[in-house]
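Chain residues, written in single-letter form:
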Amino acid sequence: MKRRKFIKNTALSGAGLAVGSTLASCVDNESKEIKSTTATSIKASLPLVIATWHVKEATAKAMEVLQAGGNALDAVEQGCRIEEANEKGQSVGKGGLPDRDGNVTLDACIMDKHGNCGSVVYLQNITHAVSVARKVMEDTPHVMLAGEGAKQFALSNGFKEENLLTEASKEAWEKWKVEAKYKPIINIENHDTIGMLAIDKNGDISGACTTSGLAYKLGGRVGDSPIIGSGLFVDNEIGACVATGLGEEVVKTVGSFLVVELMRQGKSPQEACEEAIGRIVNKPNSNYKDFQVGYIAVNKRGETGSYSIHQYFSMTKFQDGVNEQIQSDFYNKS
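Remember, it's a predicted structure, so these values are computed and weren't measured experimentally.

Draft legend 1. Examining the overall build of the protein more closely. Secondary structure summary: the protein contains 10 helices and 14 strands in total. The 334 residues of the protein split such that 59% are buried. Contacts spanning at least 24 positions in sequence make up 69% of the contacts within the protein whose residues lie at least 6 apart. Per element, the accessible surface of the protein, about 12,900 Å² overall, is 48% carbon and sulfur.

If you want it as structure tokens, here you go:
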């Protein structure tokens, strides 16, 4: 999977240009299998899985769980774990690009059909942050654990401690350190996050989100991904949404909660995603041309939608035996 051509990039200019040289071929290679559509408009058959980006192995795992009789919560956890263990994907779990000090730090959250939720932030040396988040939800009276506390909680629950900085990510970090400059270049790096939503055969919805965050960020930086209401929100009566992109901008509008509330007001998932993006780009003095945000959403009927600020955001959808990548519509067509 070709990651990080999407998010606001913080890489060294030279490194960014090196990655940028592959962008055209990445888009060309993937475009052959991307279906261009924005939403479904008829009542969908269940079960159903959607996720941010091109993550067919992850959605396949989630659907496998659902078809075996598992619930939506099990499905999103197991689906996200596929990407967390994917060392070649340098932004989720093991192999993620580190912060500016060389530490791989993970953020994740999960939310079930009852509105229960769990989250971990600034978690280090534990691959499956999404599963730790589920443990927080199910086995503690809390919603969020951070840093060393989150790590110790994970270890006490049998999670294995391991070094998440792979040689490839370490090499990229070493190159960045030569000048250590931030340079936002849209659509150079891909997939900062995997967010996944599922509806099981009973019509119940759950969601999860996991990330290693912005590459070469300041130590301790946390984006939207582990924040309930920003990176993820589920209302089993209405629908659910997950976000991807520059987390700071998602947090400012509490984006995923906003999308669900717009669906509560009667908007389709597609309409809700589009309005939520509009809330970002239409702010006074918005510099939206310098960053990317994308949303995917599903309502209780199984209708789906996706929308982003810039081109090349996509959603993976598994339904009726078809596991496909769907190119998102986008705002900035200039």
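On we go from here.
Draft legend 2. Expanded view of the packing of helix α9 (residues 255–264) against helix α10 (residues 269–281). Following both chains from N to C, one finds α9 and α10 inclined at 130°, their axes separated by 9 Å at the closest point. One element, α9, and the other, α10, form an angle in the oblique class. Where α9 crosses over α10, the handedness of that crossing is right-handed. Mapping the contact onto sequence places Leu258, Val259, Leu262 and Met263 in α9 and Pro269, Ala272, Cys273, Glu275, Ala276 and Arg279 in α10. Taken together, the residues of the contact of α9 with α10 sort by class into 8 nonpolar, no polar and 2 charged.

Draft legend 3. Fine view of the sheet that holds strand β9 (residues 239–245). Spatial ordering of the open sheet is given by β8-β9-β10-β11-β14, a layout of 5 strands whose pairing is mixed. Sheet topology places β8 (232–235) and β14 (329–330) at the edges, where each strand pairs with a single neighbour. Of the strand pairs in this sheet, strand β11 (residues 304–308) and β14 are connected by 2 bridges, and their pairing is parallel. Its bridge partner lying in β14, tyrosine 307 is registered against aspartate 329. Packing against the sheet, α9 makes contact with β8, β9 and β10 (293–299), and its axis sits at approximately 145° to β9. The sheet contacts of α10 involve β10 and β11, and relative to β11 the element is tilted by about 20°.

Draft legend 4. Representation of helix α4 (residues 72–84). Along its 13 residues, α4 runs 18 Å from first to last C-alpha, staying within 8% of the 18 Å computed at 1.5 Å per residue. Looking at α4, one finds that the buried residues are Ala72, Leu73, Ala75, Val76, Glu77, Gly79, Cys80, Glu83 and Glu84. Elements in contact with the buried residues of α4: α3 (56–67), β3 (106–111), α5 (129–139), β6 (193–199) and β7 (205–211). At the N-terminal boundary of α4, the capping side chain belongs to asparagine 71, with an oxygen 3.1 Å from the backbone nitrogen of leucine 73.

Draft legend 5. Spatial organisation of the environment of glycine 247. With respect to the helices, strands and loops of the structure, glycine 247 is situated in helix α8 (residues 247–253). Spatially, the C-alpha atoms of glycine 247 and glycine 231 are 7.7 Å apart, while their sequence positions differ by 16 residues. Apart from the residues within four sequence positions on either side, glycine 247 is in contact with Arg221, Gly223 and Asp224.

Draft legend 6. How the structure looks around the nonpolar core. Grouped together as the largest cluster of nonpolar side chains are 43 residues, with contacts concentrated most on Leu197, Val259, Val293, Tyr295 and Ile309. Leave out the neighbours within four places in its chain, and valine 259 touches Cys241, Ala272, Cys273, Ala276, Tyr295 and Ala297. Judged by nonpolar contacts, the second largest core, of 39 residues, contains Cys80, Ala108, Ile126 and Ala198.

Draft legend 7. Representation of the packing of aromatic side chains within the structure. Scanning all chains against the criterion turns up 4 aromatic pairs. Taking the centre distance of 4.9 Å and the plane angle of 15° together, the rings of tryptophan 176 and tyrosine 216 count as stacked. Placement of the pair is tryptophan 176 in helix α7 (residues 167–177) and tyrosine 216 in the loop between β7 and β8, with a sequence separation of 40 residues. For the residue pair tryptophan 176 and tyrosine 216, the accessibility class agrees, reading buried in each case.

Draft legend 8. Expanded view of α3. Taking 1.5 Å per residue as the helical rise, α3 with its 12 residues ought to reach 16 Å, and the 16 Å between its terminal C-alpha atoms agrees with that figure. For α3, the complete set of buried residues consists of Ala58, Thr59, Ala62, Met63, Val65 and Leu66. The buried residues of α3 all sit within an arc of 155° when viewed along its axis, so they share a single face. Of the exposed residues in α3, the ones pointing more than 90 degrees away from its buried face are Glu57 and Gln67. Of the surrounding secondary structure, the elements contacted by the buried residues of α3 are β2 (48–52), α4, β6, β12 (314–319) and β13 (322–327). At the exit of α3 stands glycine 69, carrying a positive phi of roughly 100°.

Draft legend 9. Local environment of unusual backbone geometry. Cis peptide bonds are those with omega within 30 degrees of zero, and the linkage from leucine 46 to proline 47 qualifies with 5°. Mapping proline 47 onto the fold places it in the loop between β1 (34–36) and β2. We note that tyrosine 312 has phi near 85°; this positive angle belongs to a residue other than glycine. Its place among the elements puts tyrosine 312 in the loop between β11 and β12.

Quick notes on the rules
Residues numbered from 1 in each chain as written. Predicted model: local features only at pLDDT ≥ 70, side-chain atom pairs only at ≥ 80, totals over all residues. Heavy atoms only, no water. Helix = DSSP H or I, 4+ residues; strand = E, 2+ residues; numbered from the N terminus. Buried < 20%, exposed > 50% of the residue type's maximum accessible area, 1.4 Å probe, protein only. Contact = heavy atoms within 4.5 Å. Areas by Shrake-Rupley, 256 points an atom, 1.4 Å probe, with all protein chains shown as cover. Axes fitted to C-alpha atoms, helices over the stretch in contact; angles between N-to-C directions. Parallel < 35°, antiparallel > 145°, perpendicular 65-115°, else oblique. Left-handed = near helix turned anticlockwise from the far one by under 90°. Nonpolar A, V, L, I, M, F, W, Y, C, P; charged D, E, K, R; others polar. Pairing = 2+ DSSP bridges. Expected span 1.5 Å × (residues − 1). Polar contact = N/O pair within 3.5 Å; in protein donor to acceptor, adjacent residues only side chain to side chain. Core = buried A, V, L, I, M, F, W, Y, C linked by side-chain atoms within 4.5 Å. Phe/Tyr/Trp six-rings, centres within 6.5 Å; stacked < 30°, edge-to-face > 60°. Arc of directions from axis to C-beta.

No statement about biological role is implied by the geometric values presented.
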